[in-house]
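# Structural overview for review
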Amino acid sequence: MANYQKPKGTQDFFGPRSLKLSYIEKTAREIIKKFGYEEMVTPIFENTEVFIKNVGEGSDIVTKEMYTFKDKSDRSLTLRPEGTAAIARSFIENKIYANGMPHNKLFYYGPMFRYERQQTGRYREFRQFGVEVYGQSTPLLDAEVISTAYMLFNKFGLNDIKLKINSIGDIESRKNYGNKLQDYFGRYIDNMCDDCRRRLGTNPMRILDCKTDKDLIINNVKIMDNVPLINDYLSNESREYFDEVINILDKLKINYEIDFNLVRGLDYYNDVVFEFIITNTSDELNGMALGGGGKYNGMINSMCGIDIPAIGYAIGMERLIAVMDEKQCFNNIIDNTDVVIIGLDFDSKLAGLMLANILRANDITVDMEYSSYTMKNQFKLCDKLNPHFIIIIGENERKTGNYQIKNTLTKKQEEVKISEILDYIKKGML
RNA sequence: GCGAUCGUGGCGAAGUGGUUAACGCUCUGGAUUGUGGCUUCAGCAUUCGUGGGUUCGAUUCCCAUCGGUCGCCCCA
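In this report, we go over the structure that sits alongside the text. (Residues numbered from 1 in each chain as written. Chains lettered and ligands numbered in written order. Predicted model: local features only at pLDDT ≥ 70, side-chain atom pairs only at ≥ 80, totals over all residues. Heavy atoms only, no water.)

## Re the overall build of chain A
Regarding its fold elements, chain A presents 14 helices and 18 strands. For the C-alpha atoms alone, the extent of chain A along its principal axes is close to 95 × 55 × 50 Å. The proportion of buried residues among the 430 residues of chain A is 49%. Excluding contacts between residues fewer than 6 apart, the proportion of contacts in chain A whose partners are at least 24 apart in sequence is 69%. Between the averaged position of the 56 positive side-chain charges in chain A and that of its 61 negative side-chain charges there is a distance of 4 Å. (Helix = DSSP H or I, 4+ residues; strand = E, 2+ residues; numbered from the N terminus. Buried < 20%, exposed > 50% of the residue type's maximum accessible area, 1.4 Å probe, protein only. Contact = heavy atoms within 4.5 Å. Lys, Arg positive; Asp, Glu negative; His and termini not counted. Charge placed at Lys NZ, Arg CZ, Asp CG, Glu CD.)

This is the structure we're talking about:
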């Protein structure tokens, strides 16, 4: 046998796991539509510059994680590493902003690709469900966007997803704060890690995220404890906006934890940023981000020159499945077979096939064995599928027009006229 | 990009430098030829991720490579 392997970091979904994936996808679609969202489907790949310009030239995603390739006409294309930039591109290219709606609520679902070493909850091909809203900037909307995620978590039976939220301020606030951080960390930088030294010049806010220097103590002072807080450098406008979002979250009874060190790695965010954190699980998953997002008012403007506010988030499907597995949230999603039809000779199987399609057309799940005429083999299929009813057809049944129907729950077997089988089974399934 | 660890049949999992690679589950066939899920008997890896090397001989030692798992970085 040829030794085929799937590419590193990718996955095949089959059996129960594929059932879980489609259950999540279906449920997420249903719920988000209640909020008025429309699905947007964009290409799996985009022109490379869509991501470079919008995710950020300095971001890790762009500098080392993209699947970029040339097509036969020498165009540079990239397998999408995230959803937001592609959705924004489509929003602008199709001039959706001109459709007269005060806001446009969009969601997407599909695979994303990042060239990374895999570990728990991280793959090279992974799936995201995400939402983006364009056109309005108000705390009411921001809080509602966050609440859509919690409606989902709730529906899935997850009660331990912690919301971490912060405001990184508008562009001016960020600049002022960045200067302050450079002053502050500049005093200690000689003792800090290589990454932080690099970040000091390029993106000092990311130092706040550093795991290496998290507990660094210099001159008996834990430097992260005395770091200037973004909160003290927000413009009045940004601060009031953030306070109002928090206020509304309280009203919606969504628990949150304000984390002044939450800054996020994508360049396009401003003001409100947030992450959904997994808690109360195994060590591997605990503290991991199940999803994240924020506002990115500047991105649309930089793409098309029009001021259009934007906010969105994305949730990772593989991580969602992992948490839901641990919390045993998949108890009732098994697809049951309602009926298995047994035929004891070719003509009986043919009669069974015809009956099966009548039942299927009436919303009943039916399966059968196609090549064996022995009872034994066909009952084995029943053992596997565990149907509610087993219909047995043989020569006698064909002659009389009465088929044997066995109810596997009551263990009772009855003869039923062909014309009455549909009703008999429907009644039995209630 | 860096680091750790692992890779034996459909699955789980022992094992050793040397003629037949344990065991459990599953599966296949029979006891039981129109009623299964129990029991019982029998069968199922020319082969130990792949390629090369050492050796009289390697699944077991060495190297490389491809994968899995898990950390760091970053993120979903």
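## Focus on a negative patch on the surface
On the surface, a cluster of negative charge is made up of E237, E240, D243 and E244. Mapped onto the elements of the fold, D243 is located in helix α8 (residues 236-251). (Patch = residues over 30% accessible without salt bridge, like charges linked within 9 Å, V, L, I, M, F, W, Y side chains within 5 Å. Areas by Shrake-Rupley, 256 points an atom, 1.4 Å probe, with all protein chains shown as cover. Salt bridge = Lys/Arg side-chain N within 4 Å of Asp/Glu carboxyl O.)

## Quick word on the sheet that holds strand β18 (residues 413-417)
A sheet is described by the order of its strands in space; here 5 strands give the open sequence β15-β14-β16-β17-β18, paired in mixed fashion. Only two strands of the sheet have a single neighbouring strand rather than two, namely β15 (366-368) and β18. Looking at each pair of strands side by side, their axes are set apart by 30 degrees on average, direction ignored. In this sheet, β15 lies alongside strand β14 (residues 339-343) in parallel orientation, the contact comprising 3 bridges. Paired with I341 across the two strands is M368, which belongs to β15. Helix α11 (residues 346-361) rests against β14, β15, β16 (389-393) and β17 (402-407) of the sheet, and its axis sits at about 165 degrees to β15. Across the sheet, helix α12 (residues 375-385) touches β14, β15 and β16, and the angle it forms with β14 is around 175 degrees. (Pairing = 2+ DSSP bridges. Axes fitted to C-alpha atoms, helices over the stretch in contact; angles between N-to-C directions.)

## A closer look at the packing of helix α5 (residues 139-155) against α8
Direction vectors running N to C along α5 and α8 enclose 50 degrees, while the axes themselves pass 9 Å from each other. Compared by their axis directions, α5 and α8 come out oblique. The way α5 lies across α8 gives a crossing that is right-handed. The residues of α8 that touch α5, namely those facing P139, L140, D142, A143 and I146, are Y241, E244, V245, I248 and L249. (Parallel < 35°, antiparallel > 145°, perpendicular 65-115°, else oblique. Left-handed = near helix turned anticlockwise from the far one by under 90°.)

## Quick look at the side chain of R127
Counting through the fold element by element, R127 comes out in strand β6 (residues 125-134). Setting aside its immediate chain neighbours within four residues, R127 contacts Q11, F13, L21, Y109, G110, P111, I315, G316, M317 and E318.

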